[in-house]
Amino acid sequence: MRSLYVSVVLLHLIGACLCQFPRPCANSEGLRTKECCPVWDGDGSPCGALSGRGFCTEVEVSDEPHGPQYPHSGIDDRERWPLAFFNRTCRCAGNYGGFNCGECRFGYWGSNCAEYRESVRRNILTMSVTDQHKFISYLNLAKNTISRDYVISTATRAEMGENGENPMFSDINTYDLFVWMHYYVSRDAFLGGPGNVWRDIDFAHESAAFLPWHRVYLLHWENEIRKMTGDFNFTIPYWDWRDAQSCEVCTDALMGGRNSLNPNLLSPGSVFSSWKVICTQPEEYNSREALCNATGEGPLLRNPGNHDPNRVPRIPTTADVELILSLPDYETEPMDRFANRSFRNAIEGFTSPETGMAVQGQSTMHNALHVFMNGSMSSVQGSANDPIFLLHHAFIDSIYERWLRTHQPLRSSYPRANAPIGHNDGYYMVPFLPLHRNGDYFLSNKALGFEYAYLLDPGQRFVQEFLTPYLQQAEEIWQWLLGAGILGALIATIIAALVVTARRKWKRNQRRKRVSSYGERQPLLQSSSEEGSSYQTTL
């Protein structure tokens with residue numbers, strides 16, 4: 001990148017966020033005042049103002065025009081986010097972050113958020129067995145742990161009353177919180193009346209914000225798992241699917257194998273076979289003009305490879321990735337799924353990797369993996385139900401990182417205006433609160449405190465992908481090795497003692513035999529009954 005310093009300075013100019021909706025703000029008072037500036041317990045002041053961590057301020061949204069894909073105005077809560085709910089939020093200073101400035105922004109640690117630390121995301125297939133199991137257990141823990149800090153909205157703002165007299169929020173577990181967020185950002189817009197919706201709207205897909213939005217999404221997901229488990233070294237692993245012939249992570253030891261009785265279900269040997277999905281019935285929500293309320297809707301579905309081969313002939317290859325990385329333009333007109341020779345549109349999967357030209361009836365790159373999984377992951381709004389979503393998007397993010405490092409784009413390369421609604425540079429990402437602007441994450445992950453193992457230099461990569469797992473495995477079994485060593489030493493000592501004892505006994509027996517034999521051949525005195533001697537002397 002042109003300068004890591006410049007990237008860090010850009011981050012210092014923006015506030016940090018976590019997810020919607022912060023529990024302290026999800027009430028009648030918050031809705032009535034339209035203020036979400038929670039108290040930081042560290043000093044008892046809103047946004048930690050007394051400690052200089054941040055301050056409560058007016059939200060200023062961008063007035064740049066969006067594209068023609070969404071011709072409506074004032075009918076959807078996500079327009080001019082987050083003004084339908086709040087117009088005052090915390091703005092954190094320096095390296096502080098969180099909805100009340102009580103945490104650190106991405107990449108920073110310590111009580112004063114002064115320590116920069118770079119975490120490494122690793123290939124799940126090269127991780128140690130212990131780390132693989134830990135990742136799976138963290139996912140399951142998140143699925144069974146109610147989020148401490150956040151709730152979801154189960155109704156539109158209008159349904160909650162003009163002054164917030166009818167707040168409609170609900171608890172949700174940590175994993176499903178992010179499933180719901182992915183649904184909410186991509187759902188159809190209600191136009192009024194059952195089934196009357198506008199479908200050509202998505203605040204995180206099919207335009208420029210696709211990559212920055214999912215980068216922020218993964219960073220917050222990591223942060224929530226770290227807080228929940230206390231494991232602040234945790235990172236989301238990635239699945240490098242280039243040139244794969246099948247779903248390599250679809251095993252019971254990892255993301256779940258295929259059920260032998262029903263190929264659409266997961267094997268009962270996988271912990272994920274008991275998971276219930278949410279937000280997978282958009283047509284039903286549209287018919288009722290209602291939001292997904294996170295009620296369980298059935299088992300996780302997946303049947304990898306049994307999809308329409310005309311739509312996805314194969315999993316993307318190394319050559320496909322290299323071809324799209326050569327595209328110099330991040331976004332091109334009309335800045336949607338019909339854009340030609342746009343890196344964003346190519347990696348999202350709406351163009352041919354070979355030509356860079358938009359294609360219809362086929363899904364490539366990112367989209368290809370979603371279709372290939374042939375189940376819960378194949379529908380945009382409910383795709384995050386499948387935990388493979390995380391592995392897949394981590395690898396997509398690494399390709400985004402490679403493009404940024406290769407082309408070193410200026411901030412001006414990101415569209416400032418006329419992108420589809422929600423995708424302009426200055427638009428705040430839906431549904432994060434407080435706030436992130438799209439363009440603020442059009443920068444290298446080095447400024448955000450994380451790296452990918454396969455992008456490290458060769459020496460560092462050897463340590464991360466080969467030496468570290470080996471040492472971790474050795475650490476896992478050192479007690480057994482020590483016990484085996486002690487037992488082996490004890491057995492060896494016993495055997496040695498037996499050998500020494502046996503050898504000594506053998507030597508004594510040999511000496512006795514030699515003495516006995518020698519006395520018979522050379523007697524010093526011989527007695528004879530005839531001579532009347534009563535004794536004989538032997539040596």
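Nothing here was measured: the structure is a model prediction, and the numbers come from that model. (Residues numbered from 1 in each chain as written. Predicted model: local features only at pLDDT ≥ 70, side-chain atom pairs only at ≥ 80, totals over all residues. Heavy atoms only, no water.)

(A) Here's a closer look at the pairing of strand 5 (residues 88-92). Across 2 bridges, strand 1 (residues 35-36) lies against strand 5 in parallel orientation. In the strand pairing of strand 5, Glu35 is matched with Arg88. (Pairing = 2+ DSSP bridges. Helix = DSSP H or I, 4+ residues; strand = E, 2+ residues; numbered from the N terminus.)

(B) Molecular detail of the packing of aromatic side chains. Applying the stated rule across the entire model yields 38 aromatic pairs. Judged by centre distance (5.6 Å) and plane angle (65 degrees), the rings of Tyr108 and Tyr116 are edge-to-face. When the ring of Phe395 is compared with that of Tyr454, the centres are 5.7 Å apart and the planes differ by 35 degrees; the resulting orientation is tilted. Here Phe395, found in helix 10 (residues 388-407), pairs with Tyr454, found in the loop between strand 15 (450-452) and helix 11 (458-476); they are 59 residues apart in sequence, far enough to count as distant. Given a relative accessible area of 0%, Phe395 falls into the buried group. Members of the aromatic cluster, joined through ring pairs, are Phe135, Tyr138, Tyr175, Phe178, Trp213, Tyr217, Trp221, Phe234, Phe272, Trp275, Phe389 and Phe432. The aromatic ring of Phe450 is capped on one face by Arg121, whose charged end is 4.1 Å from the ring centroid. Over the ring of Phe190 we find Arg187; its NZ or CZ atom is 5.0 Å from the centre of that ring. (Phe/Tyr/Trp six-rings, centres within 6.5 Å; stacked < 30°, edge-to-face > 60°. Buried < 20%, exposed > 50% of the residue type's maximum accessible area, 1.4 Å probe, protein only. Lys NZ or Arg CZ within 6 Å of the ring centre and 35° of its normal.)

(C) The nonpolar core, seen in detail. Core analysis: the biggest nonpolar cluster contains 121 residues, and Met255 and Phe343 have the highest contact counts within it. Sequence-distant contacts of Met255, defined by excluding residues within four places in its chain, comprise Ile124, Phe135, Ile136, Leu139, Val249, Leu266, Ser270, Phe272, Arg302, Pro387, Ile388 and Leu391. Ranked by size, the runner-up nonpolar core spans 8 residues in total, among them Cys47, Cys92, Tyr96 and Cys101. (Core = buried A, V, L, I, M, F, W, Y, C linked by side-chain atoms within 4.5 Å. Contact = heavy atoms within 4.5 Å.)

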